[in-house]
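# A closer look at the structure
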Amino acid sequence: MIAGMPRHGKGVRARVLLTSIFGPFAQDDEYGSRTINPMELYHNQVTRAQGPFSLRMHHRSWGLMLIQENISAPSTLLDFPSRERFVKELRAHEYDIVGISGIIVNVGKVREMCRLVRVHSPASTIVVGGHVAAIPEIDRLIDADYVVKGEGVSWFREFLGEPTKRPLHHPAIRSSFGARLMGLRAPGGGGNPAATVIPSVGCPMGCNFCTTSSFFGGKGKFVNFYDRGSDLFDVMCDIEARLHVSNFFMMDENFLLYKKRALELLDCMKAHGKAWSLFVFSSANALGKYTMRQLVELGVAWVWLGFESAESGFAKLRGVDTIALTRDLQRHGIRVHGSTIIGLEHHTPANIGHEIEHAVAHDADCHQFMLSTPVPGTPLYRQMAAEGRLLEDVDLADIHGQFKFNFRHPAISRDESKSILDFAFQRDFDRNGPSLYRLMRTMFEGWRRLRNDPDARVRARVALEAKQLRDGYGAALWAMEAFLRRTHRDVSDRVRALRLEMERELGGASKAINRLVGPVLLWTARRESRRFPEGRRLEPRTFVDRRNWQAATE
């Protein structure tokens with residue numbers, strides 16, 4: 001038993017409602033939603049300055065899906081409801097437990113949802129989890145019976161009287177949904193969709209700004225769901241069969257840090273001839289533990305890598321030339337998603353331009369820029385609080401790293417921070433062009449290098465990527481080239497060079513497709529740019545998933 005936490009009286013017979021916070025999201029309202037902070041990872045903090053070429057998509061609430069899959073109680077998962085739909089669900093069924101998950105910026109919506117439960121389902125026990133639980137004195141802000149910080153599956157199993165050590169059963173999760181590009185709906189994953197796998201939560205590196213590391217125990221700690229590569233392989237085989245995918249987004253803060261597990265997974269993939277592609281998070285020092293050959297054979301096709309700054313002092317970057325590393329990865333077809341923090345302690349108006357130029361010089365396939373942000377629950381937040389540097393008049397809804405500082409920086413003002421952040425996004429786009437172009441460039445380079453690889457699995461993997469490039473990707477390049485010709489001539493010329501190389505080497509009908517479909521994409525991109533210069537507001541659709549529900553209704 002968890003100390004001080006009684007079990008629910010109904011045990012596994014309790015009806016459970018698990019829900020994300022309500023929408024709409026990308027609007028300014030009384031509950032803390034912000035137009036500037038849409039419910040989209042890429043358009044929010046990676047490709048937002050890229051106009052109609054911004055990558056648009058949504059992602060499910062993976063943590064709630066994992067909890068629902070691993071409890072025996074009859075349950076409903078309500079993902080992205082409206083406020084009205086949430087109330088309707090409370091009235092339609094008698095729930096014994098209502099679990100609400102939210103992040104810190106959505107604390108206002110969590111508060112309102114707790115209030116609505118008290119009004120419409122007063123007998124329900126309210127459980128609140130997610131990063132909102134890290135807010136100091138959260139109990140004073142919301143009316144909940146339990147606030148859960150950390151991993152939720154074990155907590156719910158304990159609360160329901162189930163064995164907490166029972167092996168985790170991984171749900172089949174599609175990585176994204178609702179993709180759009182150039183003003184049109186787009187197939188998930190560009191026609192080659194991915195599934196999400198969660199091997200562990202937390203990160204032992206313990207960077208002082210990292211909310212995820214702090215939330216799951218801090219430096220040196222994490223929660224590992226799968227210790228062995230063979231166990232992970234079995235999970236991926238099951239998902240492959242259920243979703244018919246060969247791409248896996250490994251939702252693990254530092255997947256490659258656990259080398260033994262990764263190489264065991266590689267052995268299983270080789271033994272069974274799996275030509276899978278893995279999208280991973282990694283630190284530079286973890287990447288250094290592998291040869292490039294091991295990464296290629298493991299199927300690493302995309303890596304999210306923190307660049308930060310050479311002067312930051314972070315251990316994960318010590319002694320690593322991240323620009324050289326990026327180039328080497330891209331030469332092997334591995335797309336690099338860089339991440340850079342704006343507003344570290346050593347940054348000043350005099351050196352920040354140089355720091356941004358250094359970041360942009362990586363020419364990463366995607367690049368996230370974030371303001372240094374002391375987020376409640378992190379060591380950085382505690383440090384800033386102890387130094388008296390936190391700004392007291394900043395709403396929790398604005399502490400997300402894409403607006404303005406929430407602390408007093410020694411050299412950069414709060415208003416300057418937003419201008420510098422906006423400049424970084426724009427500079428990366430002006431110099432390097434749309435991320436979609438960069439992604440295709442790296443895929444093509446990898447195919448040219450590895451198409452005759454001695455490993456049949458590697459050949460099959462890059463052949464599938466070449467098919468994507470051949471069957472329509474070039475049309476997007478045609479549209480980009482024309483769209484950018486007047487405003488970004490240098491980028492337009494590079495896009496044209498890549499398109500011509502792809503047409504020449506990939507052959508097939510690619511040239512004809514590009515000239516047929518390209519003008520259509522150019523027209524839709526121009527229309528999207530005129531109508532929505534800051535990007536169309538997109539809202540995720542509502543999902544309702546019921547599990548073990550027949551027993552509950554009977």
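Now for a look at the structure at hand. Residue numbers restart at each chain and count upward from 1, following the sequence in its written direction. In keeping with the predicted nature of the model, local features appear solely for residues at pLDDT of at least 70, side-chain atom pairs appear and are counted solely at 80 or more, and the whole-chain, interface and lining totals rest on all residues. Excluding hydrogens and water, the side-chain figures rest on all heavy atoms present in the structure.

### Points about the state of the cysteines
Using the following cut-off: Count a disulfide wherever a pair of cysteine sulfur atoms falls within 2.5 Å. To sort residues, take the accessible area from a 1.4 Å probe on protein chains only and compare it with the maximum for the residue type: under 20% means buried, over 50% means exposed, and anything in between is partly exposed.
If you walk through the whole model with that rule in mind, you get zero disulfides. Free of any disulfide, Cys203 has its nearest cysteine sulfur in Cys210, 6.2 Å distant. With a relative accessible area of 8%, Cys203 lands in the buried category. Free cysteine Cys268: the closest other cysteine sulfur is in Cys237, separated by 8.3 Å. What makes Cys268 buried here is its relative accessible area of 16%.

### Topic: the pattern of salt bridges
Opposite charge on two side chains lets them pair, provided their charged atoms get close. Rules: The salt bridge definition used is simple: a Lys or Arg side-chain nitrogen within 4 Å of an Asp or Glu carboxyl oxygen. Strands here mean DSSP runs of E at least two residues long; helices mean DSSP runs of H or I at least four residues long; both are numbered from the N terminus.
For the structure on display, the rule yields 45 salt bridges. One salt bridge connects Arg34 with Asp398, and the closest N-O pair in it is separated by 2.8 Å. With Arg34 in the loop between strand S1 (16–20) and helix H1 (41–45) and Asp398 in the loop between helix H13 (379–386) and helix H14 (414–432), the pair connects residues that are 364 residues apart, well separated along the chain. The class of Asp398 is buried, set by a relative accessible area of 13%. Note that Asp455 is salt-bridged to Arg457, the shortest N-O span being 3.1 Å.

### Concerning the sheet that holds strand S4 (residues 97–101)
Applicable threshold: Here, strands pair whenever DSSP counts at least two bridges between them. The contact criterion used throughout is that any non-hydrogen atoms of two residues lie within 4.5 Å. Fitting a line to C-alpha atoms yields each axis, with helices limited to the stretch in contact; the angle taken between N-to-C directions then spans 0 to 180 degrees.
Spatial strand order, S6-S5-S4-S1-S3-S18: six strands in an open sheet with mixed pairing. Looking along the sheet, the strands with just one partner apiece sit at the ends: strand S6 (146–147) and strand S18 (543–547). Two strands pair when backbone bridges link them, and S1 and strand S3 (residues 75–79) are joined in this way by four bridges, in the parallel orientation. Its bridge partner lying in S3, Leu17 is registered against Thr76. Running over the sheet, helix H5 (residues 152–159) touches S1, S4, strand S5 (125–129) and S6 and is turned about 165° from S5.

### Observations regarding the nonpolar core
The tendency in soluble globular proteins is for nonpolar side chains to be buried as a group. For clarity, the cut-off: Side-chain atoms within 4.5 Å link the members of a nonpolar core, which is a set of buried Ala, Val, Leu, Ile, Met, Phe, Trp, Tyr and Cys residues.
Within the largest apolar cluster, 115 residues are counted, with the highest numbers of intra-cluster contacts made by Met182, Phe248 and Met480. Of the residues forming this core, the biggest block, 11 residues, is contributed by helix H16 (residues 456–483). Met182 has contacts with Pro52, Phe53, Leu436, Ala476, Ala479, Met480, Leu521, Thr524 and Ala525, leaving out every residue within four places of it along the chain. Core analysis: the next-biggest nonpolar cluster, separate from the first, contains 33 residues, Val110, Ile138, Phe177 and Val394 among them.

### Let's talk about the packing of helix H12 (residues 352–360) against H14
Formally: Roughly parallel means an angle under 35 degrees; roughly antiparallel means over 145; roughly perpendicular covers 65 to 115; every other angle is labelled oblique. Take the far helix as the reference: if the near one is turned anticlockwise from it by less than a right angle, the crossing is left-handed, and if turned clockwise, right-handed. By the convention adopted, Pro, Cys, Tyr, Trp, Phe, Met, Ile, Leu, Val and Ala count as nonpolar, Lys, Arg, Asp and Glu as charged, and the other residues, Gly among them, as polar.
Two elements in contact, H12 and H14, have axes whose closest approach is 10 Å; the angle formed by their N-to-C orientations is 40°. In terms of orientation, H12 lies oblique with respect to H14. The hand of the H12/H14 crossing is right-handed. Listed contacts from H14 to Ile352, Ile356, Glu357 and Val360 of H12 are Ile420, Phe423, Ala424, Arg427, Asp428, Arg431 and Asn432. Its residues assigned to classes, the contact of H12 with H14 comprises six nonpolar, one polar and four charged.

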